[in-house]
Amino acid sequence: MIILRHCESEFNRLYAQQGRDPGTPDPSLSLQGQAHATQLARQMHGLGITRILVSPYTRTLQTAAPIAAALGITPEITPIIRERGMYSCDKGTPASALAQAWPALDFSTLREDWWSPPPEPDRILHERAQTFNQRMTRERAHEQILVVSHWWFLLALSGRSMENGDWMHHRP
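The paragraphs below set out a description of the structure included in this document. (Residues numbered from 1 in each chain as written. Predicted model: local features only at pLDDT ≥ 70, side-chain atom pairs only at ≥ 80, totals over all residues. Heavy atoms only, no water.)

This paragraph deals with the pairing of strand β4 (residues 145-149). The buried fraction of β4 amounts to five of the five residues, a majority that puts the element mostly inside the structure. In β4, alternate side chains face the same way, and those of I145, V147 and S149 on one face and L146 and V148 on the other are all buried. The pairing of strand β1 (residues 2-5) with β4 spans four bridges and is parallel. Paired with I2 across the two strands is L146, which belongs to β4. Note: strand β2 (residues 51-54) against β4, four bridges, orientation parallel. Bridge pairing in β4 links V54 to V148. (Buried < 20%, exposed > 50% of the residue type's maximum accessible area, 1.4 Å probe, protein only. Helix = DSSP H or I, 4+ residues; strand = E, 2+ residues; numbered from the N terminus. Pairing = 2+ DSSP bridges.)

Shown next as structure tokens:
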């Protein structure tokens, strides 16, 4: 599969400027992040992606949107790949509000308050990553799946730190 860390969010931009949590729950992508997501859509075009699994956070949905549009794929909301509950940005948007903002996506299986309460213990994060990895090993065409997620989750999944908008192939 291909794993992708979401592009730069407003939280990431402000945190880099201020050096502290700016208090922005479920932030959108920054202007730079939006431009980067559009570039990624062109980069991912020839990779044979047939499915996109996306975390329910706004920043991952916005990162996946241009890729999905370019490939003609509807992203699948996958809460197990959500970010670890640690900072203000890790408080999500309620499922009902996401369903209104993203009417083409299916949020029907998402709990209203679906995100992890902070601080999420290491053990729980690693269990989620291990469970997801096990699910992906059972997928026939896992090499054709794009997973759009977050730093903490992708670190637990792959053992590698990824910058905003970085992607790589990952074997479950």
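Glancing now at the nonpolar core. Buried together is how nonpolar side chains tend to be arranged in soluble globular proteins. Among the nonpolar cores identified, the biggest contains 28 residues, and M44, I52, L61, I67, F107 and L146 are the most heavily contacted of them. Those elements that provide at least two residues to this core are β1, α2 (31-43), β2, α3 (58-71), α4 (95-101) and β4. It is α3 that contributes the most residues to this core, four residues altogether. The next biggest cluster of nonpolar side chains, apart from the first, holds 17 residues, and it includes L125, A156, M162 and M168. (Core = buried A, V, L, I, M, F, W, Y, C linked by side-chain atoms within 4.5 Å.)

On the surface, a cluster of nonpolar side chains totalling about 250 Å² of accessible area is made up of Y15, M86 and Y87. Within the fold, Y87 resides in the loop between β3 (76-77) and α4. For Y87, a relative accessible area of 35% corresponds to the partly exposed category. (Patch = residues over 30% accessible without salt bridge, like charges linked within 9 Å, V, L, I, M, F, W, Y side chains within 5 Å. Areas by Shrake-Rupley, 256 points an atom, 1.4 Å probe, with all protein chains shown as cover. Salt bridge = Lys/Arg side-chain N within 4 Å of Asp/Glu carboxyl O.)

We now examine helix α6 (residues 151-158). Within α6, the full set of buried residues consists of F153, L154, A156, L157 and S158. Next to the buried residues of α6 lie β1, α5 (122-138), β4 and β5 (167-169). Count one or two residues on from α6 and you reach G159, which has phi positive near 80°. (Contact = heavy atoms within 4.5 Å.)

This model, assessed by the stated rule, comprises seven aromatic pairs. For the pair F11 and Y15, a centre-to-centre distance of 5.7 Å together with 20° between the ring planes defines the contact as stacked. In this pair, F11 and Y15 are both assigned in helix α1 (residues 10-18), four residues apart and thus about one turn of the helix distant. Take F11: its relative accessible area is 6%, and that puts it in the buried class. Taken together, a centroid distance of 5.9 Å and an interplanar angle of 50° make the contact between F11 and Y87 tilted. Taken together, the residues span a long stretch of sequence, with F11 in helix α1 and Y87 in the loop between β3 and α4 at a distance of 76 residues. By the ring-pair criterion, three or more aromatic residues cluster together here, those being F11, Y15 and Y87. It is R59 that lies over the ring of Y57; its NZ or CZ is 4.5 Å from the centre. Over the aromatic face of W152 sits the side chain of R84, whose NZ or CZ is 4.4 Å from the ring centroid. (Phe/Tyr/Trp six-rings, centres within 6.5 Å; stacked < 30°, edge-to-face > 60°. Lys NZ or Arg CZ within 6 Å of the ring centre and 35° of its normal.)

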